[in-house]
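One-letter residues, chain by chain:
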Amino acid sequence: MQITVDPELTGRHVEADGGTQVGNTNFASRAEFEGILTGRKIVQGDPPWYWVEIGQLSVKPDDFEDEFVWCEESYVYSLD
């Protein structure tokens, strides 16, 4: 796994379809997020998957306690 910073992404206002754990189970469900891209990006796997980090979350599931979320790049949409 490789983490890089892409300055062109930093500060963009986005919404994203992501996932979150369902309670104390081993299951996940779809979740909506909105926030600001940090610029951090992960390239993982072969073929590669591209993940971007979103912070300053203004929309997230009620029980989502993290300050940041990683979302697969193709499910992230610019609001700028």
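Q: Break down the packing of aromatic side chains for me, citing the residues and quoting the values.
A: Evaluated as defined, the whole model comprises 2 aromatic pairs. An angle of 15 degrees between the planes, with centres 6.1 Å apart, marks the rings of Trp-49 and Trp-51 as stacked. With relative accessibility at 48%, the residue Trp-49 sits in the partly exposed group.

Q: With reference to specific residues and values, describe the pairing of strand S4 (residues 49-59).
A: Side-chain positions along a regular strand alternate between the two faces of the sheet. In terms of strand pairing, strand S3 (residues 28-44) meets S4 through 7 bridges, oriented antiparallel. The residue of S4 that forms the bridge with Ile-36 is Gly-55.

Q: Give a description of unusual backbone geometry that names residues and reports values.
A: Residues other than glycine predominantly adopt negative phi, and peptide bonds predominantly adopt the trans conformation. Here the bond from Asp-46 into Pro-47 is cis, since omega is 5 degrees, no more than 30 degrees from zero. Structurally, Pro-47 can be placed in the loop between S3 and S4. Phi at Gln-56 is positive, roughly 45 degrees, even though this residue is not glycine. Tracing the chain through its elements places Gln-56 in strand S4.

About the thresholds
As a convention, each chain's residues are numbered from 1 in the sequence order in which they are written. With pLDDT at 70 or above as the cut-off, local features in this predicted model cover only qualifying residues; side-chain atom pairs require 80 or more to be listed or tallied, and sums for whole chains, interfaces and linings still use all residues. Excluding hydrogens and water, the side-chain values take into account all heavy atoms of the structure. Working definition: a ring pair exists when centres of Phe, Tyr or Trp rings (six-membered ring for Trp) sit within 6.5 Å. Plane angles under 30 degrees give stacked, over 60 give edge-to-face, the rest tilted. A 1.4 Å probe rolled over the protein chains alone gives each residue an accessible area, and that area as a share of the maximum for its type sets the label: buried under 20%, exposed over 50%, partly exposed in between. One requirement defines pairing of two strands: DSSP has to find at least two bridges between them. By the criteria applied, helices consist of DSSP H or I runs no shorter than four residues and strands consist of E runs no shorter than two, each listed in order from the N terminus.

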